[in-house]
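Listed here are the chains, written in short residue letters.
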Amino acid sequence: VALYKSVPTRLLSRAWGRLNQVELPTWLRKPVYSLYIWTFGVNMEEAAVEDLHHYRNLSEFFRRKLKPQARPVCCLHSVISPSDGKILNFGQVKNCEVEQVKGVTYSLESFLGPRICPEELRFSQAPPRNSFQQQLVTKEGNELYHCVIYLAPGDYHCFHSPTDWRVSHRRHFPGSLMSVNPGVARWIKELFCHNERVVLTGDWKHGFFSLTAVGATNVGSIRIYFDQDLHTNSPRYSKGSYNDFSFISNNNKEGIPMRKGEHLGEFNLGSTIVLIFEAPKDFKFHLKPGQKIRFGEALGSL
């Protein structure tokens with residue numbers, strides 16, 4: 001583990017990113033993309049543009065858009081999957097620990113960072129609590145829930161809003177870029193806390209809501225569409241720190257409103273999305289561990 005952690009994954013990912021931007025000759029595009037499609041099981045029939053010659057480089061191919069009808073958004077459930085992927089874990093957060101895969105946990109506070117000042121967020125005032133987990137729960141009788149979705153290299157790489165909510169704050173951790181493959185996640189404790197990630201926090205109708213995009217090897221680029229100031233895997237940011245940005249201002253006291261299913265951001269290649277949110281005790285997930293899920297399908301509801 002120590003040897004793997006010493007690998008310069010950020011530098012390698014920046015090099016891979018530059019390689020992805022190189023424009024391929026038209027004659028080379030179809031054989032290169034066809035090999036990728038065959039290796040990772042990509043379904044190009046869902047792509048908005050099926051013609052492989054259209055994609056000038058690997059980066060454009062990774063970030064391909066889908067046909068509008070390819071991913072219908074479930075209207076019956078309050079929380080949908082923000083992306084395609086595999087469900088690694090879900091359930092209630094207990095003892096300030098979250099499972100990245102079954103039996104391997106990480107600290108909730110290490111993952112999200114120190115709590116943001118409640119004056120910056122539109123959370124209701126809750127009585128003082130002892131643990132970090134209790135501080136996030138803003139309404140009496142609510143619980144904190146989590147869901148982890150792993151995006152494989154062949155998956156659709158854009159992610160969307162999982163519910164109707166307001167994004168108040170962004171926190172960027174410039175950490176490592178180790179693989180988040182489930183096999184590696186079982187091997188390295190607190191992997192998600194080591195890796196580069198972008199934490200979006202805000203509130204929905206039941207209180208606290210957060211979506212975290214976790215980077216991985218060759219996924220140095222995490223893009224949030226409404227956040228032009230965000231620059232991930234940049235050499236100017238050192239590991240072990242974090243950068244905060246508030247979307248609450250004198251001119252914008254509401255933050256960034258997001259509708260369920262609305263485009264939110266994108267990865268290059270594949271990675272992981274972690275949802276951590278507050279909901280009443282009767283919230284139920286409609287999931288099975290290890291199942292494949294697609295953007296727009298139900299995660300859970302009341």
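Structure: above.
Residues numbered from 1 in each chain as written. Predicted model: local features only at pLDDT ≥ 70, side-chain atom pairs only at ≥ 80, totals over all residues. Heavy atoms only, no water.

Novice: How would you explain the overall build of the protein chain if you had to name every residue and give the values?
Specialist: Broken down by element type, the protein chain carries eight helices and 17 strands. In the protein chain, buried positions account for 53% of the 302 residues. A separation threshold of at least 6 residues defines the contact pool for the protein chain, and within that pool the share at least 24 residues apart is 77%. Accessible surface, the protein chain as shown: approximately 13700 Å² in total, 54% of it carbon and sulfur. (Helix = DSSP H or I, 4+ residues; strand = E, 2+ residues; numbered from the N terminus. Buried < 20%, exposed > 50% of the residue type's maximum accessible area, 1.4 Å probe, protein only. Contact = heavy atoms within 4.5 Å. Areas by Shrake-Rupley, 256 points an atom, 1.4 Å probe, with all protein chains shown as cover.)

Novice: Hey, could you go over the pairing of strand S5 (residues 142-150) for me, with residue numbers and the actual values?
Specialist: Two faces make up the sheet, and in a regular strand the side chains alternate between them. Of all nine residues making up S5, eight are buried, and the element is well covered by its neighbours. As paired strands, strand S2 (residues 85-92) and S5 are joined by six bridges and run antiparallel to one another. By the bridge assignment for S5, Gly91 is matched with His146. Pairing of S5 with strand S14 (residues 272-280) involves nine bridges; the strand directions are antiparallel. Each bridged residue has a counterpart across the sheet, and for Val148 the counterpart in S14 is Val274. (Pairing = 2+ DSSP bridges.)

Novice: Any details on the layout of surface pockets? Residues and values, ideally.
Specialist: Considered as a void within the structure, the second largest pocket measures approximately 240 Å³ in volume. Lining the second largest pocket are 18 residues, and of these Arg71, Asp84, Gly154, Asp155 and Tyr156 sit closest to its centre. Looking at the lining of the second largest pocket residue by residue, the classes come out as seven nonpolar, four polar and seven charged. (1 Å grid on protein atoms, 1.4 Å probe; cavity = no way out; pocket = protein on both sides within 12 Å on 5 of 7 lines; lining within 4 Å. Points joined across faces, edges and corners; volume = space filled by probe spheres on them. Nonpolar A, V, L, I, M, F, W, Y, C, P; charged D, E, K, R; others polar.)

Novice: Explain helix H3 (residues 26-40) to me, using residue names and the numbers behind them.
Specialist: Spanning 15 residues, H3 covers 22 Å between terminal C-alpha atoms, matching the ideal 21 Å at 1.5 Å per step. Listed as buried for H3 are Arg29, Tyr33, Tyr36 and Ile37. In an axial view of H3, the angular spread of the buried residues amounts to 100°, which keeps them on one side of the axis. Within H3, the exposed residues directed more than 90 degrees away from the buried face are Trp27, Leu35 and Trp38. Considering only its buried residues, H3 is in contact with helix H4 (58-62). (Expected span 1.5 Å × (residues − 1). Arc of directions from axis to C-beta.)

Novice: Please give an account of the nonpolar core that cites residues and values.
Specialist: Ranked by internal contacts, the top residues of the largest apolar core, which has 32 residues, are Cys147, Phe159, Trp165, Leu275, Phe277 and Leu299. Only S5, strand S7 (165-173), strand S8 (197-204), strand S9 (207-214), strand S10 (222-224), strand S12 (256-258), strand S13 (263-267) and S14 provide two or more residues apiece to this core. Considering each element in turn, this core owes the most residues, four residues, to S14. (Core = buried A, V, L, I, M, F, W, Y, C linked by side-chain atoms within 4.5 Å.)

Novice: Please give an account of the sheet that holds S13 that cites residues and values.
Specialist: Read across the open sheet, the three strands follow the order S6-S13-S10; overall the sheet is antiparallel. Taken across any chain shown, the strands that pair with only one partner, and hence form the sheet edges, are strand S6 (158-160) and S10. Taken over all neighbouring pairs, the strand axes of this sheet differ in orientation by 20° on average, direction set aside. (Axes fitted to C-alpha atoms, helices over the stretch in contact; angles between N-to-C directions.)

Novice: Help me get a handle on the pattern of salt bridges, residues and values and all.
Specialist: Tallied over the entire structure, the rule returns 14 salt bridges. Residue Arg71 is joined to Glu46 by a salt bridge in which the shortest nitrogen-to-oxygen separation is 3.0 Å. With a gap of 25 residues between them, Arg71 in the loop between H4 and strand S1 (79-80) and Glu46 in the loop between H3 and H4 connect regions that are remote in the sequence. The residue Arg71 makes a salt bridge to Asp84 at a minimum N-O spacing of 2.6 Å. You can see Arg71 sitting in the loop between H4 and S1 and its partner Asp84 sitting in the loop between S1 and S2, a full 13 residues away along the chain. Considered together, Arg71 and Asp84 belong to a single accessibility category, that of buried residues. Taken together, the shared-partner salt bridges connect Glu46, Arg71, Asp84 and Arg294 into one network. (Salt bridge = Lys/Arg side-chain N within 4 Å of Asp/Glu carboxyl O.)

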